[in-house]
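# Structural features, examined
Single-letter residue listing:
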Amino acid sequence: MPFVTDIDPPAKEYEAVASLGLAVGARKGKGLFGKRTYEPIEVLGHFSIQLATIAWDKGDEGSTALVVDPQALLEGSVKFDLTPEGPDVEIKDEMGEDEFINTCQKLIKNAGDFKADVMEFPGLINDAAQAEPLLKNDSIGAVPAEFEQQADPANIVEELRSKLAEFERGAEQWVKTKQKLFNYRDKLAKKIDVAQEEAKVAQQKALEDLEQKIKSSIAAKRQETDAAIEKARQNSAKTRQTLQSELDRAKQLFEENGEDFYRDNIKTIEQRLSEHDKKLDKEIADLEAAHKKYGEEQQGKIKQFEADRNKKMATFDERRKKLDNTLDSLEKAVTKRAERSQEQHKKVSSLVVTLTPDQTDKEFPVVFYAARYPGDRWVVFPPQVFGGKGLLGKLFGGAVVPFKSASKLGDTLAAKLQALLVDNDLAKTISENNLLKDEEYIKQAKNGLSQLIDQGDMDKKHAELFEEF
């Protein structure tokens, strides 16, 4: 990849003016504005590291790929929303309704237990879109940094595919377990249906027996009541006959004697007869009322039996409903888990970048420039794109070059590399290939500066920017 990534074909003049301009702008200055002086640039060189693409889905016209930093300067991770395991609940071959429901409820809780599952991968680039501007072929002579390869791109793909396959297997196990429980629910429901039908037959038989018993009991009570009424009438008739005889005698004596005593006696006996007749009517009415109440009490037993029967039969429906509701909840929980498992593919999809087939399964050099200043202070500049607002020097005294960082990924890698450039072999290699001693490089930088000014991309007041070199 060229240092200036968006100029095709790469131009050495732009490479030179961008790198030297950035190095000039990164100097430290001291003194007042008009008399400010800047520290010298001791070394300026360029080097490259590798970014590798590894196919995720490869097609004839286009592919998706993961981007990996083989040097493992960065570490990526994939955070899955749940673990891929199947159900973690024992399902017995034989269960009663309560045990079945308890098992389902444990599975519902288990299905909704979404624990994050994080996979760490040295070298994986999490934001592959930021890598896309850096995937160019030409490095224009940059020295390859000799870092030991720490990341294994193929292994990253293998582990991710294996993890997604685990999610698929786990989802299948959940579906199989759910179906097994649905089948067992049907088995339990059939037992309930059989028990309900048996109870229905038994209850109907018991009702018929009760109705016959009550019918017989009421008939017996009718006979008992009729007998009591007849006895009451007979007793009443005897008493009435006696009273009637007394009345007849009193009337005869009154006719014979005409005394008031007999007249009063007649009235008394007639009143006793009237009260006697009323007493008989009341006694008969009380017997009939008692018989009616008895019949109502007996019929109440039938109504109570029917109410108890209906309540008992309803328990069978409630048992089936409880099974169905529990399975509905399990269905929703397993469906939600399956959907969540499927969504984990998006976790990997968010890591890939779309490339042409010839960009897939290969390594690309990424060019960085590094400048050393007094005190062994190194600054690493990431790949650039043309047309930016530029990098201002300290307190208006530095350079303004129309370039900006090509991607945040480049910035991150530059920071990592900058931390490494202290007394190591790469620093020595850059120092040995100091471009400030390369007249051709300085000439290219000055020519590039002139072109930028002529094009109007830089102010002509910066024409002497590289005069010290």
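Rules behind the numbers
- Residues numbered from 1 in each chain as written.
- Predicted model: local features only at pLDDT ≥ 70, side-chain atom pairs only at ≥ 80, totals over all residues.
- Heavy atoms only, no water.
- Helix = DSSP H or I, 4+ residues; strand = E, 2+ residues; numbered from the N terminus.
- Rg over C-alpha atoms; globule rule 2.2 N^0.38 Å.
- Buried < 20%, exposed > 50% of the residue type's maximum accessible area, 1.4 Å probe, protein only.
- Contact = heavy atoms within 4.5 Å.
- Areas by Shrake-Rupley, 256 points an atom, 1.4 Å probe, with all protein chains shown as cover.
- Lys, Arg positive; Asp, Glu negative; His and termini not counted.
- Charge placed at Lys NZ, Arg CZ, Asp CG, Glu CD.
- Salt bridge = Lys/Arg side-chain N within 4 Å of Asp/Glu carboxyl O.
- Phe/Tyr/Trp six-rings, centres within 6.5 Å; stacked < 30°, edge-to-face > 60°.
- Axes fitted to C-alpha atoms, helices over the stretch in contact; angles between N-to-C directions.
- Parallel < 35°, antiparallel > 145°, perpendicular 65-115°, else oblique.
- Nonpolar A, V, L, I, M, F, W, Y, C, P; charged D, E, K, R; others polar.
- Core = buried A, V, L, I, M, F, W, Y, C linked by side-chain atoms within 4.5 Å.
- Pairing = 2+ DSSP bridges.
- pLDDT = per-residue confidence, 0-100.

## Topic: the overall build of the protein chain
Looking only at helices and strands, the protein chain features 8 helices and 12 strands. Compactness check: the protein chain gives a C-alpha radius of gyration of 53 Å against a globular reference of 23 Å for 469 residues, more than 25% above the reference. Each principal axis of the C-alpha atoms in the protein chain carries an extent, and together these give about 180 × 55 × 40 Å. A buried classification covers 41% of the 469 residues belonging to the protein chain. Restricting to contacts in the protein chain with at least 6 residues of sequence separation, those with at least 24 account for 79%. Only carbon and sulfur atoms are counted for the fraction: they give 48% of the accessible area of the protein chain, which is about 26,500 Å². Where the 72 positive side-chain charges of the protein chain centre and where its 86 negative ones centre are 7 Å apart.

## Remarks on the environment of Pro-383
If you trace the backbone, Pro-383 turns up in the loop between strand S10 (377-381) and strand S11 (384-386). Sequence separation between Pro-383 and Asp-6 is 377 residues, and the spatial gap between their C-alpha atoms is 9.9 Å.

## Thoughts on the pattern of salt bridges
Under the counting rule described, the total for this entry stands at 24 salt bridges. Residue Lys-58 is joined to Asp-361 by a salt bridge in which the shortest nitrogen-to-oxygen separation is 3.3 Å. Within this pair, whereas Lys-58 is found in strand S3 (residues 43-58), its partner Asp-361 is found in the loop between strand S8 (353-355) and strand S9 (362-373), the two being separated by 303 residues in sequence. With its nearest N and O atoms 2.4 Å apart, the salt bridge here joins Arg-319 to Glu-97. Of this pair, Arg-319 sits in helix H5 (residues 260-349) while Glu-97 sits in helix H2 (residues 97-111), placing them 222 residues apart in sequence. On the accessibility criterion, Arg-319 (30% relative accessible area) is partly exposed.

## Some words on unusual backbone geometry
In this structure, Ala-72 is a non-glycine residue whose phi angle is positive, near 60°. Looking at where Ala-72 falls in the secondary structure, it is placed in the loop between strand S4 (63-68) and strand S5 (75-80).

## Observations concerning the packing of aromatic side chains
Evaluation of the coordinates by the stated rule reveals 7 aromatic pairs. Ring geometry for Phe-3 against Tyr-369: centres 4.7 Å apart, planes inclined by 70°, an arrangement best described as edge-to-face. One end of the pair, Phe-3, is in the segment before helix H1 (12-25); the other, Tyr-369, is in strand S9, with 366 residues separating them in the sequence. With respect to class, Phe-3 is no different from Tyr-369; both count as buried. Seen in terms of ring centroids, Phe-100 and Tyr-184 are 5.8 Å apart; in terms of plane orientation they differ by 20°. Their pairing is stacked. Placement of Phe-100 in helix H2 and of Tyr-184 in helix H4 (residues 153-257) is noted, with a sequence separation of 84 residues between them. The exposure classification of Phe-100 matches that of Tyr-184, with both residues buried. Cluster of aromatic residues (ring-pair linked, three or more members): Tyr-14, Phe-386 and Phe-403.

## Let's talk about the environment of Asp-8
Relative to the helices and strands, Asp-8 resides in the segment before H1. Since its relative accessible area comes to 73%, Asp-8 is described here as exposed. Spatially, the C-alpha atoms of Asp-8 and Phe-466 are 25 Å apart, while their sequence positions differ by 458 residues.

## Examining the packing of H4 against H5
Taken N-terminus to C-terminus, the directions of H4 and H5 make an angle of 180°; their axes are 8 Å apart at the nearest point. Here H5 runs roughly antiparallel to H4, going by the angle between their axes. Residues of the contact of H4 with H5, tallied by class, amount to 43 nonpolar, 19 polar and 28 charged.

## Focus: the nonpolar core
Core analysis: the largest hydrophobic core is formed by 35 residues, its most contacted members being Leu-20 and Phe-381. Put simply, the parts of the chain that give this core at least two residues each are H1, S9, S10 and helix H8 (439-454). Per-element tally for this core: the top contributor is H1, with 8 residues. Excluding anything up to four places from it in sequence, Leu-20 contacts Leu-44, Leu-436, Tyr-441, Ile-442, Ala-445, Phe-466 and Phe-469. Core analysis: the second largest hydrophobic core is formed by 32 residues, Leu-74, Val-353, Phe-368 and Ala-414 among them.

## A few points about the pairing of S9
Burial runs high along S9: 9 of the 12 residues are buried. Where S3 lies against S9, 11 bridges are found, and the strand directions are antiparallel. Looking at S9, one finds that Gln-50 is bridged to Pro-365. Sheet analysis places S9 next to S10, joined by 5 bridges and oriented antiparallel. The residue bridging Ala-370 from the neighbouring strand is Val-380, located in S10. Where S9 folds back onto S10 in an antiparallel hairpin, the turn is made up of 3 residues, including Gly-375, whose phi is positive at roughly 80°.

## A few points about the pairing of S4
It is a general feature of regular strands that their side chains alternate between the two faces of the sheet. In terms of residue burial, S4 counts as a mostly covered element, since 6 of its 6 residues are buried. The alternating pattern of S4 places Ser-63, Ala-65 and Val-67 and Thr-64, Leu-66 and Val-68 on opposite faces, both of which are buried. Bridge analysis of S3 against S4 gives 6 bridges, and the strand direction is antiparallel. Opposite Asp-57, over in S4, you have Thr-64 as the bridge partner. Adjacent in sequence and paired antiparallel, S3 and S4 are bridged by 4 residues. For S4 and S8, the ladder comprises 3 bridges, and the chain directions are antiparallel. Within S8, the residue paired with Ser-63 across the bridge is Leu-355.

## Points about the confidence of the model for the protein chain
When pLDDT is averaged along the protein chain, the result is 89; 96% of the residues meet or exceed 70. Averaged pLDDT values over the elements of the protein chain bottom out at 81 in strand S1 (residues 29-30) and peak at 96 in H2.

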